[in-house]
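# Structure at a glance
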There are 2 protein chains.
Amino acid sequence: MENSISLYNTLTRKKENFEPLNPPHVGLYVCGPTVYGDAHLGHARPAITFDIVFRYFQHLDYKVRYVRNITDVGHLENDADEGEDKIAKKARLEQLEPMEIVQYYTNRYHKNMEQLNVLPPSIEPHASGHIIEQIDMIKKILTAGYAYEKNGSVYFDVVKYDKDHNYGKLSGRSIEEALENTRTLAGQAEKNNQVDFALWKKASPEHIMRWPSPWSDGFPGWHLECSVMGCKYLGETFDIHGGGMDLIFPHHESEIAQAVAANGKDHVRYWMHNNMITIDGQKMGKSLNNFITLDEFFSGSHQALSQAYSPITIRFFILQAHYRSTVDFSNDALVAAEKGMTRMLTAVETLAALEPSEKSTVDVNALRKKCYKAMSDDFNSPVVIAHLFDGVKMINSIKDGKEQITTADLEVLRKLYNDFVFDILGLRMETKEASGNDEVVDGLMELILDMRKQAKENKDWGTADKIRDGLKSIKIEVKDTREGAVWNTID
Amino acid sequence: MENSISLYNTLTRKKENFEPLNPPHVGLYVCGPTVYGDAHLGHARPAITFDIVFRYFQHLDYKVRYVRNITDVGHLENDADEGEDKIAKKARLEQLEPMEIVQYYTNRYHKNMEQLNVLPPSIEPHASGHIIEQIDMIKKILTAGYAYEKNGSVYFDVVKYDKDHNYGKLSGRSIEEALENTRTLAGQAEKNNQVDFALWKKASPEHIMRWPSPWSDGFPGWHLECSVMGCKYLGETFDIHGGGMDLIFPHHESEIAQAVAANGKDHVRYWMHNNMITIDGQKMGKSLNNFITLDEFFSGSHQALSQAYSPITIRFFILQAHYRSTVDFSNDALVAAEKGMTRMLTAVETLAALEPSEKSTVDVNALRKKCYKAMSDDFNSPVVIAHLFDGVKMINSIKDGKEQITTADLEVLRKLYNDFVFDILGLRMETKEASGNDEVVDGLMELILDMRKQAKENKDWGTADKIRDGLKSIKIEVKDTREGAVWNTID
């Protein structure tokens with residue numbers, strides 16, 4: 001049961017049982033960032049969504065080759081075929097070589113991903129590093145008759161392709177609809193049809209990023225890199241392609257068209273798309289200028305935030321929604337996510353200290369099954385989290401002596417939380433991460449709270465007060481709750 | 001004075017005054033790692049050497065574009081033109097796609113560099129990402145008549161080049177000598193002369209890493225990538241090229257020949273080479289199998305090490321020698337480095353707490369001048385460190401009241417240590433780095449020891465024992481001394 005995953009395939013618009021082409025191998029390609037600015041919440045979502053997919057497949061012992069690209073060339077403003085290259089523009093504004101921009105923001109992106117506990121992909125290819133392969137695919141598409149050259153640029157012939165294949169099968173758009181929605185931009189006159197898109201663009205004299213090709217000194221179209229790098233590292237037909245929903249059209253639709261035109265075979269078996277993060281109902285994005293960068297979340301320096309949020313809180317916040325639902329950002333929602341996550345991680349610590357009994361009054365195997373069932377049901381992280389919270393109640397009841405658990409069941413429960421909380425959902429103990437001394441602090445606090453309890457029982461108020469004041473002086477606050485004394489640091 | 005740097009130019013075999021081509025810009029290219037294994041001490045040395053160069057130029061307000069490549073293709077076993085590609089071999093042994101190997105070891109290399117506080121370069125280009133540019137340079141060399149094709153491979157014609165230019169001007173080897181020392185390997189028969197080297201190699205059928213070219217499906221020769229990426233990102237002639245001394249011949253010699261043959265102009269103005277790290281007088285290297293990986297140093301897990309050494313200790317150890325001297329590794333030398341570094345960093349803390357006086361009895365400006373003079377004299381880090389240790393004596397004398405310092409001088413001294421210790425030498429406060437919770441631990445221990453004292457005074461042995469046992473369980477040991485109770489962690 002645990003090995004059967006169903007996932008929603010954008011291509012067929014239904015949940016399907018996942019069957020890998022070459023079990024136990026799984027090929028996964030995800031569209032990565034265009035590196036010309038700091039990563040924001042909108043970047044965190046696909047990264048975390050497919051990190052969960054990567055982690056869960058690995059947990060189930062699949063051998064996953066996960067490819068996530070870096071777009072460092074060819075992505076023009078307006079996401080269309082005209083305008084300036086996003087990276088070259090930034091380089092021009094900052095008087096740097098474009099590759100310095102790429103390096104700078106790639107490094108920062110990697111740092112953010114590490115903070116979010118997003119595992120590095122198996123291969124992270126750069127678009128600019130695969131020009132020769134892109135030229136190669138253009139040649140194949142030209143040979144197959146689905147592209148034409150005009151003045152040193154090469155365009156994909158969408159109209160002709162659509163007659164033989166179905167341009168629009170992923171997005172569900174008809175070519176007529178696509179035609180209507182395509183803006184007419186300067187220089188588009190070269191195209192036979194407005195719906196056609198560039199495979200290779202001749203560089204204007206001032207364009208910095210350029211390479212020789214059989215057609216002109218120029219650069220590849222934005223859609224091309226993903227078809228090329230997917231085929232190169234995962235094969236002409238591979239298992240799963242993921243990305244944000246906003247990429248379905250025209251990016252992914254065009255990726256399919258390019259690969260099918262070049263190779264004459266199906267490209268990707270399962271297409272997975274995460275939904276957007278919205279602010280007041282509007283997509284969050286750099287081009288919309290309503291984004292909050294990840295660093296701003298981590299430092300709390302944006303005006304929409306009442307405090308700093310740890311990377312793992314951001315991760316938990318995103319995982320509280322199913323990846324195919326929108327997430328509407330608000331400060332209140334983040335505050336709630338932080339509370340929920342703390343409750344979950346505290347329970348993991350409680351679990352580590354539980355004492356076993358002769359018999360179990362709780363059903364850990366049922367809980368375990370529910371967690372796997374939810375995760376295998378299209379990676380339903382919010383349902384998994386809900387089950388884990390049911391388990392938190394169970395853990396606290398055992399701690400309070402209201403329920404009992406055997407040694408064997410306790411082992412199952414501990415493994416379950418370790419697997420799901422840390423390995424699959426990719427959360428981590430925050431404070432432990434921040435400093436190697438937390439175990440020492442925890443140990444010392446345990447000792448101190450124990451002495452405080454003793455003092456209170458002995459009605460030794462002097463000692464109890466001394467402890468309280470001593471802790472306060474180093475910014476530690478103790479509260480008595482039904483579950484016993486808990487402590488936290490105060491700012 | 002501070003802006004005048006002299007550096008030893010391997011090309012002229014003397015120290016020269018450094019004059020940048022386009023002040024205030026400095027172009028710096030350094031040969032980076034071939035990513036097929038974990039980084040060892042031999043990798044740390046060039047990385048740290050040129051990190052110092054990068055940092056010092058920036059400190060002097062030069063605008064440095066620092067390019068350090070990742071070799072991910074074309075580096076064959078034996079560093080020659082035959083044999084298997086080092087990365088492809090590792091991929092074959094581990095049944096992975098070569099680029100998975102590249103990604104894995106690149107990530108690990110980056111982590112090690114961050115631990116060593118080595119700044120990321122401005123651009124870190126991959127050899128495999130510049131195939132098209134390499135093909136382009138081969139075409140230029142062929143056109144210039146300094147290369148020839150044989151059976152789909154292209155070789156550089158060293159003998160012809162040497163007649164027009166001087167092959168050997170960097171290494172000081174005559175072509176006759178080079179000819180004598182070149183091993184005859186299988187398949188070398190294609191070459192007109194044994195001293196010729198491959199620009200492009202036709203791939204054998206089983207060779208995985210291959211690209212189309214006008215000559216064959218194949219791959220570029222190892223020397224080519226650096227000429228190409230240096231020219232691409234720094235210009236056909238640029239300021240400084242660095243690397244390990246072992247790369248002078250044939251790698252750097254061939255880089256010069258390729259660039260000069262292709263562009264018809266001088267390639268690099270200043271060549272800088274760091275010396276080797278030896279173990280028992282032998283070079284430390286992966287191919288010699290006598291290396292200790294950086295992770296082994298950081299964990300102390302290698303049999304040659306008596307303990308773990310922090311990354312900053314390794315950095316300090318390397319900087320204690322001038323980059324053009326050999327460093328002979330020994331455990332004792334590392335122990336001494338650790339002690340020295342601690343003394344230096346403790347003095348920085350002492351310096352922060354010094355109180356100014358009405359007059360100065362110390363000459364901080366003389367010290368400052370000496371530090372800059374040493375650093376500007378071919379980046380003489382050991383002399384800088386010696387001067388900084390003289391300053392440590394000064395600082396401790398001021399602290400002890402034996403010397404005095406004015407507010408203005410104190411400011412100069414603090415800036416000097418901040419600039420040299422942290423910004424230029426790139427050391428950092430380790431303990432603070434390692435854990436942010438030390439203050440909390442100290443505070444908690446103070447409270448606990450106070451309660452222990454109280455309990456003892458009250459002859460409450462139960463509580464005193466409880467404290468002792470509780471601390472012991474988290475590996476903290478308390479001893480009573482004449483000055484009161486002291487504590488330390490036990491392993």
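Residues numbered from 1 in each chain as written. Chains lettered and ligands numbered in written order. Predicted model: local features only at pLDDT ≥ 70, side-chain atom pairs only at ≥ 80, totals over all residues.

### A few points about the overall build of chain A
When helices and strands are counted, chain A shows 17 helices and 15 strands. Each of the 491 residues in chain A was classed as buried or not, and the buried ones make up 45%. Once local pairs closer than 6 in sequence are excluded, the contacts in chain A between residues at least 24 apart make up 72%. (Helix = DSSP H or I, 4+ residues; strand = E, 2+ residues; numbered from the N terminus. Buried ≥ 20, exposed ≤ 12 C-beta atoms within 10 Å, placed from the backbone. Contact = placed C-beta atoms within 7 Å.)

### As for the interface of chain B and chain A
With 37 residues of chain B at the contact, the number on the chain A side is 36 residues. Considering every element that reaches the side of chain B that touches chain A, the biggest residue donor is helix α16 (residues 438-457) of chain B, with 9 residues. By residue class, the composition of the side of chain B that touches chain A is 19 nonpolar, 12 polar and 6 charged. (Nonpolar A, V, L, I, M, F, W, Y, C, P; charged D, E, K, R; others polar.)

### A short note on unusual backbone geometry
In this model, Pro23 of chain A is joined to Pro24 of chain A through a cis peptide bond whose omega is 5°. Relative to the helices and strands, Pro24 of chain A is located in the loop between β2 (14-17) and β3 (25-30). Each neighbour pair has its own omega, and for Phe249 of chain B with Pro250 of chain B the value is 5°, a cis peptide bond. Within the element layout of this structure, Pro250 of chain B appears in helix α8 (residues 248-263). Residue Phe379 of chain A is not a glycine yet carries a positive backbone phi of 55°. Within the fold, Phe379 of chain A resides in the loop between α12 (364-376) and α13 (381-399). One non-glycine residue, Arg13 of chain B, adopts positive backbone phi at about 60°. With respect to the element layout, Arg13 of chain B can be found in the loop between β1 (6-9) and β2 (14-17). When the 9 C-beta atoms within 10 Å are taken as the criterion, Arg13 of chain B is described as exposed.

### Description of the pairing of strand β4 (residues 63-68) of chain B
Counting buried positions along β4 of chain B gives 5 out of 6 residues, so the element sits mostly inside the fold. With helix α1 (residues 41-59) of chain B bridging strand β3 (residues 25-30) of chain B and the parallel β4 of chain B, this β-α-β connection has right-handed handedness. (Right-handed = clockwise from strand over helix to strand, strands pointing away.)

### So, the packing of helix α12 (residues 364-376) of chain B against helix α14 (residues 407-424) of chain B
All names here are of chain B. One way to put it is that α12 packs onto α14 with a least axis distance of 9 Å and a crossing angle of 20°. Accordingly, the angle class assigned to the pair α12 and α14 is roughly parallel. Considering only the axes of α12 and α14, their crossing is left-handed. Between α12 and α14, the contacting residues are Val364, Asn365, Leu367, Arg368, Cys371 and Met375 on the first element and Asp409, Val412, Leu413, Leu416, Phe420 and Ile424 on the second. For the contact of α12 with α14, the per-class residue count stands at 9 nonpolar, 1 polar and 2 charged. (Axes fitted to C-alpha atoms, helices over the stretch in contact; angles between N-to-C directions. Parallel < 35°, antiparallel > 145°, perpendicular 65-115°, else oblique. Left-handed = near helix turned anticlockwise from the far one by under 90°.)

### Quick look at the sheet that holds strand β8 (residues 218-220) of chain A
Residue and element names in this part refer to chain A. Judged by pairing direction, the sheet is antiparallel, and its 4 strands sit side by side in the order β5-β6-β7-β8 without closing on themselves. A strand with exactly one partner marks an edge of an open sheet, and here the two such strands are β5 (147-150) and β8. Between one strand axis and the next, the sheet turns by 20° as a mean value, whatever way the strands run. Bridge analysis of strand β6 (residues 153-156) against strand β7 (residues 197-202) gives 3 bridges, and the strand direction is antiparallel. Bridge pairing in β7 places Phe156 opposite Phe197. (Pairing = 2+ DSSP bridges.)

### Re the sheet that holds strand β4 (residues 63-68) of chain A
Residues and elements named next belong to chain A. Overall, parallel pairing links the 4 strands, which are arranged β4-β3-β9-β10 in an open sheet. Of all the strands in the sheet, the pair left with one neighbour each is β4 and β10 (268-274). Neighbour to neighbour, the strand axes of the sheet diverge by 20° on average, direction disregarded. Both strand β9 (residues 238-244) and β10 contribute to a ladder of 6 bridges, which runs parallel. In the sheet register, Gly244 faces β10, and the bridge partner there is Asn274. Sitting on the sheet, helix α7 (residues 224-234) touches β3, β4 and β9, and the angle it makes with β4 is about 155°.

### Brief notes about the pairing of β4 of chain A
Direction of pairing for β3 of chain A relative to β4 of chain A: parallel, over a ladder of 6 bridges. Across the sheet, residue Val26 of chain A finds its bridge partner in β4 of chain A, namely Val64 of chain A.

### Comments concerning the nonpolar core
One finds Leu28, Ile141 and Leu199 of chain A together with Leu28, Ile141 and Leu199 of chain B to be the most contacted residues of the largest nonpolar core, which totals 253 residues. Setting aside its immediate chain neighbours within four residues, Leu199 of chain A contacts Ile138, Ile141, Ala147, Val154, Tyr155, Phe156, Pro220, Gly221 and Leu224 of chain A. Grouped together as the second largest cluster of nonpolar side chains are 18 residues, Val440 and Leu471 of chain A together with Val440 and Ile467 of chain B included. (Core = buried A, V, L, I, M, F, W, Y, C linked by C-beta atoms within 7 Å.)

### Overview of helix α13 (residues 381-399) of chain B
All names here are of chain B. The first and last C-alpha atoms of α13 sit 26 Å apart over 19 residues, in line with the 27 Å expected at 1.5 Å per residue. Looking at the packing, one finds that the buried side of α13 touches α1, α10 (311-319), α11 (331-353), α12 and α14. Once α13 finishes, Gly401 follows within two positions and takes phi at roughly 80°, a positive value. (Expected span 1.5 Å × (residues − 1).)

### Digging into the environment of Asn112 of chain B
All names here are of chain B. On the secondary structure map, Asn112 appears in helix α3 (residues 98-115). Judged by C-beta crowding, with 24 C-beta atoms within 10 Å, Asn112 ranks as buried. Between the alpha carbons of Asn112 and His43 there is a distance of 10.0 Å; along the sequence they are 69 residues apart. If sequence neighbours within four positions are ignored, Asn112 has contacts with Ala39 and Leu294.

### A word on α3 of chain B
The periodicity of an α-helix, 3.6 residues per turn, causes residues three or four places apart in sequence to face the same way. With 18 residues, α3 of chain B ought to run about 26 Å at 1.5 Å a step, and its terminal C-alpha atoms sit 26 Å apart, in line with that. Buried within α3 of chain B we find Pro98, Met99, Glu100, Ile101, Val102, Gln103, Tyr105, Thr106, Tyr109, Asn112 and Met113 of chain B. Here the buried face of α3 of chain B lies against β4 and α7 of chain A together with α1, α2 (86-94) and α9 (294-299) of chain B. Residue Asn117 of chain B follows α3 of chain B closely and has a positive phi angle near 60°.

### Observations regarding the confidence of the model for chain A
The predicted coordinates of low-pLDDT regions are not to be read in fine detail. Residue and element names in this part refer to chain A. Counting all residues, the mean pLDDT for chain A is 91, and 94% of those residues have values of 70 or more. A low-confidence stretch, residues 432-436 (pLDDT under 50), is modelled with 8 contacts involving residues beyond four sequence positions or located in other chains. At the level of chain-chain contacts, confidence expressed as ipTM amounts to 0.83, with global pTM at 0.85. (pLDDT = per-residue confidence, 0-100.)

### Details of the environment of Pro205 of chain B
Considering the arrangement of structural elements, one finds Pro205 of chain B in the loop between β7 (197-202) and β8 (218-220). Distance from Pro205 of chain B to Gly218 of chain B, taken between C-alpha atoms, is 9.8 Å for residues 13 residues apart in sequence.

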